[in-house]
Amino acid sequence: MRMNEKSGASRSERMLNEPVQKIIPELAVPTIISMLITSVYNMADTFFVSQLGTSASGAVGIIFSAMAMIQALSFMIGMGAGNHISRLLGAGHEEEAKRYASTAWFTGLLMGCVIAVFGTIFMNRIVMLLGSTETIAPYAADYARYIFLAAPFMVCSFIMNNMLRFQGLTTYAMVGITIGGLLNMALDPILIFGFGMGTAGAGVATGFSQFVSFCILLGMCNLHRDAIHISPRQFAPSRKLYADILYTGAPSLARQGIASISSVMLNTIAGQYGDAAVAAMSIVSRFTLFINSVVVGFGQGFQPVCGFNYGAKQYDRVKEAFWFCVKVATVILLVLCAVSLLFSGNIIALFRRDDAEVIAIGTFALRAQLITMPVWGYYVMCNMFSQSIGYGFRSSLISCARQGLFLIPTLYVLPRLLGLRGLQLAQPVADLFSVVFAFILVRSILKDLDS
């Protein structure tokens, strides 16, 4: 028996037979923790940099778009490979799963190096293309420099995190992300204020923490018996393998890639109303991302269960897991949004207490988004469900909906009609259209599983 065959068989047994009400929360808790830590250290960057001024605060929002693009490409590879890995393990094809894992990792490493080179060379142009104003640009460039240098480690970390999750090893994935996130939060005030590095200090903190996460996650993959190892000998690029990864990973690229484009569009439109609007919308985006990370983390606990059981043709169990997650996610969002609504003004003031304009713009935008956020639970689970069982095209459409198919038109139309108020209302309106769209597409998928 191979060294990881026994633990792999035990993991498959749990995925295929343990009650979904038990196995999904167990898998989800480590993922939720890692997602929350990631969101918290993103907010920590925003919080500490915001103490430098409104323009500096806007810089974090500008470069967040670039980081989201890097993450989108990484998740395309990591989730594309991870989906196949979970289904292959569910069907008992471990050797083929190893080829997907190693090929994805080395492909990501190369992609990260390309991003680092081109990002560094064209950094000033990229900052302006991301929607920076002239006053925000110097701060954004200082921050971006170290983000681009860390791109190879960032890409590989995201890929390993996703592949470990799809193997059901969410605790391993959590450790690397959590330690890196905590380190980032600790380094932010030291480098920004203690060493007087300003926004560059936030970039160094983020870049170094990504390197630490990379080292830990690589150790988790290669030093634990029950994880699929990363090895040059298993690097087997082929047209079929890349086509499989791209097909199932496309929804992640669509979701996060288009989110990056809409974020750039949001920054550009907000810039017409001044640095205060850019800073306010950046703060709102970070906070809503924090709330959404709980639901996304829970959904990521659902994905390996979904993939294993779909690979084993246990379709009733797949549907049971889906509806369980929809109910839990909706309840979580109702509670978090209700509490956040009560303190919405205080939340924005926490970041820019001395800027009344930022507080006013951000408070209205946050309240509007919190009112529609409870529907995100159904939307997120529809996206993850369709992606995990191989409905790549429909999953891509769902992924594109919230921050692409519907947000981009609303960002174009509403500010023209309502000015700044239209900018603040664009995301909530897009959310409502997206949920209806997801319902229509997933209803047909559920019917397919019944036939």
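Calculation rules
- Residues numbered from 1 in each chain as written.
- Predicted model: local features only at pLDDT ≥ 70, side-chain atom pairs only at ≥ 80, totals over all residues.
- Heavy atoms only, no water.
- Axes fitted to C-alpha atoms, helices over the stretch in contact; angles between N-to-C directions.
- Helix = DSSP H or I, 4+ residues; strand = E, 2+ residues; numbered from the N terminus.
- Parallel < 35°, antiparallel > 145°, perpendicular 65-115°, else oblique.
- Left-handed = near helix turned anticlockwise from the far one by under 90°.
- Contact = heavy atoms within 4.5 Å.
- Nonpolar A, V, L, I, M, F, W, Y, C, P; charged D, E, K, R; others polar.
- Buried < 20%, exposed > 50% of the residue type's maximum accessible area, 1.4 Å probe, protein only.
- Salt bridge = Lys/Arg side-chain N within 4 Å of Asp/Glu carboxyl O.
- Phe/Tyr/Trp six-rings, centres within 6.5 Å; stacked < 30°, edge-to-face > 60°.
- Lys NZ or Arg CZ within 6 Å of the ring centre and 35° of its normal.

**Examining the packing of helix α7 (residues 151-166) against helix α8 (residues 170-194)**
- One can describe the packing of α7 onto α8 by two numbers: an axis separation of 7 Å at closest approach and a directional angle of 155°. By the criterion of interaxial angle, the relationship of α7 to α8 is roughly antiparallel. The way α7 lies across α8 gives a crossing that is left-handed. Each of N161, L164 and R165 in α7 lies in contact with α8, whose residues at this interface are T170, Y172, A173 and I177.
- Within the contact of α7 with α8, the residues separate by chemical class into 4 nonpolar, 2 polar and 1 charged.

**Some details on unusual backbone geometry**
- Of note in the backbone geometry, K313 takes a positive phi value of approximately 65° without being a glycine.
- Mapped onto the fold, K313 is located in the loop between α11 (275-311) and α12 (315-342).
- What makes K313 exposed here is its relative accessible area of 61%.

**So, the pattern of salt bridges**
- Scanning the entire structure with this criterion turns up 9 salt bridges.
- For the salt bridge of D142 with R145, the shortest nitrogen-to-oxygen distance reads 3.7 Å. Of the two residues, D142 and R145 are both situated in helix α6 (residues 137-149); the distance of 3 residues between them amounts to about one turn of the helix.
- By relative accessible area, which is 31% here, R145 ends up partly exposed.
- Taken together, the shared-partner salt bridges in this structure form one network comprising R14, E18 and E26.

**Side note on the environment of M35**
- Relative to the assigned elements, M35 resides in helix α2 (residues 20-50).
- Separated by 145 residues in sequence, M35 and G180 have C-alpha atoms that sit 12 Å apart.
- Every residue in contact with M35, bar those within four places of it in the chain, is listed here: S293, V296, G297 and Q300.

**Quick look at the packing of α2 against α12**
- The geometry of α2 relative to α12 is characterised by a closest axis approach of 10 Å and an angle of 60° between their N-to-C directions. Our classification of the angle between α2 and α12 gives oblique. As α2 runs across α12, the sense of the crossing is right-handed. Of the residues in α12, those in contact with V20, Q21, I23, I24 and P25 of α2 are R317, E320, A321, F324 and C325.
- Here the residues of the contact of α2 with α12 are counted per class, giving 7 nonpolar, 1 polar and 2 charged.

**A closer look at the packing of aromatic side chains**
- Following the criterion strictly, the structure yields 20 aromatic pairs and no others.
- Between F75 and F158, the ring centres sit 5.5 Å apart and the planes meet at 65°, which makes this aromatic pair edge-to-face. Of the two residues, F75 is situated in helix α3 (residues 54-90) and F158 in helix α7; the sequence distance between them amounts to 83 residues. When sorted by exposure, F75 lands in the same class as F158, which is buried.
- Both rings, one in W105 and one in F106, keep their centres 4.8 Å apart while their planes meet at 80°; by these two values the pair is edge-to-face.
- Using a relative accessible area of 7% as the deciding quantity, one classes W105 as buried.
- Given a relative accessible area of 24%, F106 falls into the partly exposed group.
- A connected cluster of aromatic rings, assembled from ring pairs, spans W105, F106, F153, F211, F214 and F235.
- Of note, R421 hangs over the ring of F364, and the distance from its end group to the ring centre comes to 3.8 Å.

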